[in-house]
Amino acid sequence: MLLAVERSHGALALGVGHLDVSEGLEERPERVVVYGVRKISNVELHFILTVLRMTRNRQGSPKTFWSQEDGSEECAPKGTYFESKMPQLEFRCLLPGVSQKSIWEFHRDPAVLTKLTPPDKNVTVVGAPAAMGENAIITLRFRQFGLPITWVSRIVEWDPPSGFVDVQLSGPFRRWRHQHLFEDGQLLDRLDYEVPLAMLGGRLAERLMVRPELERLFAFRQAVTRQVLLGT
């Protein structure tokens, strides 16, 4: 399998095919068969190059690209992973003595995302309606793996005080669905997502980069939630 990235007419393009190197790449460079070419974004390019570097340099167990915060029995940093066509993660956090309404009120305002996101992400809410509800659109800007990202999401389900669901309209994932579920004394975040270029190294990146990063983000998120709602 060959991934070829080149600049053509001012745009980046991705070629997928195979290479016959029986006589050496330098001697027979014309033996490249390309199955398809399409334009790619800077995010996808960064994704591809990162996966290729990881694949080339890795030996044995995965390299740690970030520090993992210590968890607790109430809020474990690692989510529950479910095998499916789209990766699924669940993060449960126990909040003993906190009412469902209090959990709802804390999470219903998109401005709280600036508190719930690690400082290194530099997240900014650049667009949100005055009153949240179904079909509301929220626009965020932040940094991910060194790249500036704009994330636009829509609230597709709004069920106070039980929870809500948001989906990505545009952003770093190919697909993203985040279900927020609230009950007396606990909350559950359920993620269904798919990374870009899943068939071309994206699944490897999901396992080695995206999933651990989500676990880090939600460990921070739940620690802040507990600090605010429990004072711990």
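Predicted model only: the values in this text are computed from it and were never measured. (Residues numbered from 1 in each chain as written. Predicted model: local features only at pLDDT ≥ 70, side-chain atom pairs only at ≥ 80, totals over all residues. Heavy atoms only, no water.)

Draft legend 1. Representation of the environment of Arg 154 in the model. Of note, Arg 154 is situated in strand S8 (residues 147-159). Under the relative-accessibility criterion, Arg 154 is labelled partly exposed at 27%. It is 8.0 Å that separates the C-alpha atoms of Arg 154 and Glu 134, two residues lying 20 residues apart in sequence. Setting aside its immediate chain neighbours within four residues, Arg 154 contacts Asn 135, Ala 136, Ile 137, Val 165, Asp 166, Val 167 and Leu 169. (Helix = DSSP H or I, 4+ residues; strand = E, 2+ residues; numbered from the N terminus. Buried < 20%, exposed > 50% of the residue type's maximum accessible area, 1.4 Å probe, protein only. Contact = heavy atoms within 4.5 Å.)

Draft legend 2. Fine view of the environment of Ala 111. One can find Ala 111 in the loop between helix H2 (100-107) and helix H3 (113-116). Along the primary structure Ala 111 and Thr 124 are separated by 13 residues, whereas in three dimensions their C-alpha atoms are 8.6 Å apart.

Draft legend 3. Region of the structure containing the environment of Leu 181. Mapped onto the elements, Leu 181 comes out in strand S10 (residues 175-183). The exposure class assigned to Leu 181 is partly exposed, which follows from its relative accessible area of 27%. Measuring from C-alpha to C-alpha, the distance between Leu 181 and Pro 161 comes to 8.9 Å, with 20 residues separating the pair along the chain.

Draft legend 4. Spotlight on the packing of aromatic side chains. Scanning all chains against the criterion turns up 12 aromatic pairs. Taking 4.6 Å as the distance between ring centres and 5 degrees as the angle between the ring planes, the aromatic pair formed by Phe 91 and Phe 218 counts as stacked. Of this pair, Phe 91 sits in strand S5 (residues 88-94) while Phe 218 is found in helix H4 (residues 202-230), placing the two residues 127 residues apart along the sequence. For the pair formed by Phe 91 and Phe 218, the shared burial category is buried. Consider the rings of Trp 104 and Phe 182, whose centres lie 6.2 Å apart with planes at 70 degrees: the pair is edge-to-face. Of the two residues, Trp 104 is situated in helix H2 and Phe 182 in strand S10; the sequence distance between them amounts to 78 residues. Both residues of the pair, Trp 104 and Phe 182, count as buried. An aromatic cluster is built from Phe 142, Trp 151, Phe 173, Trp 176 and Tyr 193, whose rings are joined through pairwise contacts. (Phe/Tyr/Trp six-rings, centres within 6.5 Å; stacked < 30°, edge-to-face > 60°.)

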